[in-house]
Structure formats: C-alpha cells, structure tokens
Amino acid sequence: MRPGVRNRRGPWPRFADLVRATGSLRPARDAVRDTVAAEREALIWSERLSATTQLIASLEYLHNARHRAWGGLNNWSVLRERDPRDHDALRRLYDAVGSERGTRALHTARILASGVLLSPTTRRWPRLLAGGVAAGASRLLHPRHQYGSDGSDQLAFLVQFGCTLARVRQSDPHAVRTCLRWLAGQALLAYSTSGLAKLGGRPWRAGGALAGVLRTRTYGNAAVHTWCDRFPHLVRAAEICVITLECGFGSAFPYRGRHAPVVLSAMATFHLVTAGVMGLGRFLWAFLATYPAVWSVARNAPRVPGERSFPRHVRDRLRRPSPLETGLAVWFLLILLCQLPYRALDRLRALDRAGVWLPDWRFFAPEPAGHDFRVAYRVVHPDDDTSSWWSEAGAGRRVPAHILWFPERREDKALFDVCSELLEQHDRGPERLTELPTFRLLADRVCRSLLLEGRFTGNTVSFQFRVDQCPGYGAGGRRPRYISPVVERRKSEVRQRIPETE
C-alpha cells in the first residue's frame, strides 16, 4: 500500500460522516423528548380532573352545613370521641379543623387550590403549592366527614397526592414516570379488586345483585327498578358486563396500549351510566383522573431488549430503586393487602385512622346491600303512655342534575353508614350501646326533629327511636331492626342549639 492512501479522505468528509451518524440518533432523542412532554401533559390532566372531584365535594359539604351541627350525623362534638387522639397537639389540631370556622376555611382553601389546578397555567410552583394545599386539606377534612364520604373522596386524595409528589421532582423525568405508574396501578387495583370481589360474592354469581342495589332509594330509582322487573335477563347481562369490564381493565396495558382507547372509553361510559342511574357523579371525575396516567403508562411501556430475558430485565431495573420508588411500592403493597378478605388484616386496616391512606376498593361487593334504613321515633309521656311512631322521609327521587350536583347523597349515605355501624355494634354487644357515638348521633338527630316539629310538651321530653330496614322500591314492608331505650332530654339544654343549625 502506498503511503497516503489510508489518509486519502480529508478531515471534512470524516466530519460529514460524524454529522450523519449524529443525525441518525435525532429521532431517538425526539422520541424521548416527546415522551417526557406527554408525561407532563398527563400529569396536568390528572391534576385537573382530580381537582374537579375535590371542587364538587367541597361545594357539597359547604351546602350541607346543618349536617355538621348539633343533630347532624357529622357533629364533631360526638365524632371526636369516635377516634380519640392521645397526642395533645393532634387533638388540638383536629378540634380546630372540626370547628365550623376551621372546616369552612379548609374547604375554601381547597376550592381556591382547585381553581388554580383547573387554570391553564403550567408553571411548576403554583401547581405544586395548589396540589399540596388540596391534598393536605383532603387529609385533614376526611375525619371531619366520617359518615357520608365514599371511594371517590379517597381516590381523589390519592391522585392529588401522587401528582404533588411528581411536582416535587418535576425536573426528574424518571420520578414523574414513577408517580404516573403508581397512579395507573391504583386504577388497575381498584377495578380489579372490585371485579374479583364481585366474582367472589354469591349474589353476583347467581344473579340479582344489581337489581337489589337498584331497588334501594339510596342508589336506585323507581323507573330503573320497574325496568329491572320487566327485563331480568338484560339485568343479568348488565351484571356480567360490569364484572367483565372491571376484571378486564388490565387489558389496556399490553401491546403498548393498543387496546387502551377501547378500554378507557368503555369504562368512562360505564361511569357515566352509573352517574345517571345511581347518582354517583363524583366517581366519574375521580376515576377519569387516573386515565391520563393509564394512557401514558400503557403507551410508553419500556421494551425488553431482544438479547435479554424478561426476568433479567426486571432484575436489572430493580437493582437500585430510588427512595421514591421504594416508598410508593411499599404503599401500593399495603393497599393491596388491605383488599384481601382476611380478618387477620384488620389490624393493618386499623392503622389508617384517617381513612384515606389505605382505601377499600370492593365497591358493592361481595354482597351488596339491597335495602335502605329509615329512622322512626315516638314520644314517651310521663304516665308511660306512648305516641304513635313518626317516620323520617326517605331519599328523594333521582333527577338528571344529580350527575353533576347531588349534595343530598351525602346525608343518605351518612344515615346508611351510621345505622349499619349501630346494628353491627348491637350484634357484638348491646351492653354499652347507649354510650357509643352512633347512638348519640341518632338520638340527637331525633331530638332535633322533635323540637323543630313542636312535639315537646313540657320542660323535658322522653322519646324512643327505631331503625327500620326497608325494601326500597321493592315489595314488602318495613322490618324493625333496633328499638332504643327511652332517651330523656331537657328542653332548655337543646333549645339553645337549634339557632346554630337552622
């Protein structure tokens, strides 16, 4: 070889080759940049949809102010004894939140924070501060509204808390991706747990569970109940469809989200129908808040390199987990354990004294309630003669506006929760039942009704109340489940409380 042949190409051609080689990597870099941008967009939409849930919830709670005062089922002077706090600082904190002024202040703060999250701003610090305020207010307010809250409040808190964690580490794409995966995992866990729990319940397997739920005045309506009686086969098909949709939600993740649009559209339609039929409008917004994370995780799932096996690929990725990954993984595992139907896990569930960190995703399963509870009461005169029983009005009729606004749902759900807990405590031991918060809440509720109806005949009043199990829109009569002993209240002691509530 002659000298100079090897260096026949000058420096410029070699530089051109380097530029072309670098240019070949540009699509990969653009793909990474697009993925990060898509994940941040998913984070924003999760924040906005979760903020919608919390905004509606706070407006409903503020509308139901009398339910927090004396005679209401969320009276803090009674609720504070249900979950006593040993630490003085925590007791003072919850007493401050439990006051009407503190409750209104936190709800107002959550409304303002929701407004910031719903705004078009994408700046980090305003959204981080608003998300932290919304999540913190939800955590503090949940013990204040122990009766009447539901899974939408818990899911909205988890979504907002996960988004806040992602905002803290927004500059790290891996941290944002980890939080989105955790949110997608919560959606998968919620749907799968609900579907599998329904499969384990005999009413869902044999048929009749959905018709029983829609028969109640709390969750159903007269038109739908009539339709269920006329077309039982279609109701059975709807039960199978609900279980299939919930158990098959995981099909949105394989094949890089190929089936995700169909699955998410089907589940959104399911929640929309549920909101119209059962009045569960807040569940629509709460679960929609997880869909951006599900879509992002499904579309950007990591590929396993062809030269490595899947177990080795997973082992390499889990070799050095970050503290954020470790904490979210442990939290997810605890929530997963709480879904298992074992009494040995009751101690684990008892650790969540606030009721938001370890939710229960077994919606209407394994055996849904197919009845309502109604409270009746009567006056006991000094000569031991009793009046006839008066009954409270049941749940109102369903209207289309309940898809977006349904504050009365809170009181109906609270009454069902209080009566269910009272009957459960009575079955365990009726000795000290009159000292429990559930008994006192119902007694105060009846006493307020008697005073407002003008049924006090003297300076004192003695009364009894009865908890009846009602068939809702179905056939059959009321069945008394519990009759209280005679309760005596002085008119001077309760009269001063009424102007604060009415």
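Each value, and the rule that gives it
- Residues numbered from 1 in each chain as written.
- Predicted model: local features only at pLDDT ≥ 70, side-chain atom pairs only at ≥ 80, totals over all residues.
- Heavy atoms only, no water.
- Core = buried A, V, L, I, M, F, W, Y, C linked by side-chain atoms within 4.5 Å.
- Buried < 20%, exposed > 50% of the residue type's maximum accessible area, 1.4 Å probe, protein only.
- Contact = heavy atoms within 4.5 Å.
- pLDDT = per-residue confidence, 0-100.
- Helix = DSSP H or I, 4+ residues; strand = E, 2+ residues; numbered from the N terminus.
- Expected span 1.5 Å × (residues − 1).
- Arc of directions from axis to C-beta.

Undergrad: Looking at this structure, how should I read the nonpolar core?
TA: A general feature of soluble globular proteins is that nonpolar side chains tend to end up buried together. Of all hydrophobic cores here, the largest spans 63 residues; its most connected members are Phe 249, Phe 253, Phe 287, Tyr 291, Val 294, Trp 331 and Trp 361. Setting aside residues no more than four positions away along its own chain, Trp 331 makes contact with Leu 158, Phe 161, Trp 182, Trp 357 and Leu 358. Counting 34 residues, the second-largest nonpolar core is a separate cluster that includes Leu 79, Cys 419, Val 446 and Leu 450.

Undergrad: Would you mind going over the confidence of the model for the protein with me for this structure?
TA: Residues shown with low pLDDT carry predicted positions that ought not to be read at fine detail. Residues at a pLDDT of 70 or more form 86% of the protein, whose mean pLDDT is 84. For the protein, the element scoring lowest by mean pLDDT is helix α1 (residues 11-24), at 46; helix α5 (residues 100-118) scores highest, at 95. Per-residue pLDDT stays below 50 along residues 1-9; that stretch engages in 2 contacts with residues further than four places along the chain or on separate chains. Between residues 18-28, whose pLDDT stays under 50, and residues either more than four places distant or in other chains, the model counts 1 contact.

Undergrad: Quick question: what am I supposed to make of unusual backbone geometry here?
TA: Note: most residues except glycine have negative phi, and most peptide bonds are trans. Cis rather than trans, the peptide bond between Ala 365 and Pro 366 has omega equal to 0°. One non-glycine residue, Tyr 255, lies in the positive phi region at around 55°. One can find Tyr 255 in helix α13 (residues 254-257). Tyr 255 gets classed as exposed once you look at its relative accessible area, which sits at 59%.

Undergrad: Hey, could you run me through helix α14 (residues 260-278) in this one?
TA: For an α-helix, 3.6 residues make a turn, and residues three or four places apart therefore share a direction. Between its terminal C-alpha atoms α14 stretches 26 Å, which fits the 27 Å expected from 19 residues at 1.5 Å a residue. Considered for burial, the residues of α14 that qualify are Ala 260, Val 263, Leu 264, Met 267, His 271, Thr 274, Ala 275 and Met 278. Around the axis of α14, the buried residues are gathered within 110° of arc, so they sit on the same side. The first or second residue beyond α14 is Gly 279, which carries a positive phi of 75°.

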